[in-house]
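As a plain string of letters, each chain reads:
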Amino acid sequence: MSVSDPERLREIVGEICDHMARETDRGQVADYIPELAKVDANRFALALALPSGEVIGGGDADTRFSIQSVSKVFALAVALGRIGDQLWTRVGREPSGDPFNSIVQLEHERGLPRNPFINAGAIAVTDAILSRSEPREALGQILQFVRFLADDDDIAIDPGVAASETVSGWRNAALANFMRDFGTIERHPEKVLGTYFHQCAIAMTPRQLALAGRFLAFDGALTPGGARAIAPRMARQINALMLTCGHYDGSGEFAFRVGLPGKSGVGGGILAVAPGRASIGAWSPGLNAVGNSQLASMALEMLADRTGWSVF
Ligand code: DON
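Rules and cut-offs
- Residues numbered from 1 in each chain as written.
- Predicted model: local features only at pLDDT ≥ 70, side-chain atom pairs only at ≥ 80, totals over all residues.
- Core = buried A, V, L, I, M, F, W, Y, C linked by C-beta atoms within 7 Å.
- Buried ≥ 20, exposed ≤ 12 C-beta atoms within 10 Å, placed from the backbone.
- Helix = DSSP H or I, 4+ residues; strand = E, 2+ residues; numbered from the N terminus.
- Domains from an automatic or database assignment.
- Contact = placed C-beta atoms within 7 Å.
- Pairing = 2+ DSSP bridges.
- Near = placed C-beta within 6 Å.
- Nonpolar A, V, L, I, M, F, W, Y, C, P; charged D, E, K, R; others polar.

A. Molecular detail of the nonpolar core. Core analysis: the largest hydrophobic core is formed by 102 residues, its most contacted members being Ile123, Ala282, Ala299 and Leu300. Counting residues per element, this core draws most heavily on helix H2 (residues 71-83), at eight residues. Both domains that furnish three or more residues to this core are identified here as domain 1 (6-64 + 203-224 + 234-307) and domain 2 (69-200). Setting aside residues no more than four positions away along its own chain, Leu300 makes contact with Val258, Leu260, Gly262, Ile270, Ala272, Ile280 and Ala282.

Encoded structure:
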């Protein structure tokens, strides 16, 4: 059984939003980037972008939030489009089983990050994009790509969040310097980090996020058989990495509970993909112990359960 009737999907989204409004255990809002700590923990949104082009949005679906690590999905697609399979000489494709900002594996594994979704891997991907462009141009390309995917030009980088991370991003600076020493990244760490921090500071609404993820739900196209963003093979590869690595050391648990490729960010957003069915943007700022949104994860579990959308 798999639900596709928009009327029923609207009911399900409404039920999940009602449930989340009553939830008292909402997790902890990230505060290691001071600007993120200001966000109201009571926010919650769920948005589904369907094959028809319709978006079903509930809760705060039109409130902008900081997508943070969800941007790693878009940066990866840009890097694969520009550099192709050569990217895999700089970053692996295995789950790390470690926190998103961990440095431990880098020392034992010749400075090669396990996957493009942990911070080290995403910094390496950003450096790869910078092999073809200067920072301003690279950020412009990532932003343009996201606007194209969402079919909406009203998406921008939040300069306050980027500045806040620039002054507090010591751990990322350590990762970048470590990888520069191994030769995994080629440009000056400061240049790479500046680009990475701005990419993470992209702000958009859950509705826009759902729209921007459609290319992963529909074989690389914005609608089934419609305008193409990337090759189908690449969309499949990105989905595989989201399923296995998209929630860091919570990836196994997310696959077990939800059964969909997903990518989380410390801003509380999760982009999830139900292949052929929908692209899903979920958001609630409180995080669980491994840095993934507590209520967005719970909402996606309820959604998968009620729709039968698990890929398994
Ligand atoms: O680099 C960082 O720490 C943040 N800009 C992004 C981390 C993140 O979103 C991890 N997600 N759960």
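B. Structural detail: the sheet that holds strand S4 (residues 65-66). Spatial ordering of the open sheet is given by S4-S6-S5, a layout of three strands whose pairing is antiparallel. Of all the strands in the sheet, the pair left with one neighbour each is S4 and strand S5 (156-157). Where S5 lies against strand S6 (residues 202-204), two bridges are found, and the strand directions are antiparallel. The residue bridging Ile157 from the neighbouring strand is Ile202, located in S6.

C. Fine view of the domain arrangement of the chain. For the chain, the assigned domains read domain 1 (6-64 + 203-224 + 234-307) and domain 2 (69-200). Relative to domain 2, the C-alpha centre of domain 1 lies at a distance of 21 Å. Facing 32 residues of domain 1, the contacting portion of domain 2 comprises 31 residues. Those elements that place two or more of their residues in the side of domain 1 that touches domain 2 are S6, helix H9 (206-212), helix H10 (214-217), helix H11 (232-245), strand S7 (262-264) and strand S8 (269-274). If one sorts the elements of the side of domain 1 that touches domain 2 by residue count, H11 sits on top with six residues.

D. Summary view of the site of the ligand. Every one of the 13 residues lining the ligand counts as a neighbour, but Gln68, Ser69, Cys200, Gly265 and Val266 are closest to it. Looking at the shell around the ligand, its residues break down into three nonpolar, nine polar and one charged.

E. Seen up close, the environment of Trp309. For Trp309, the location among the structural elements is in the segment after helix H13 (294-307). A sequence separation of 34 residues divides Trp309 from Pro275, and the C-alpha atoms of the two residues are 8.4 Å apart. If we ignore the near neighbours within four places in the chain, the residues touching Trp309 are Ser2, Leu260, Ala274, Arg277 and Ala304.

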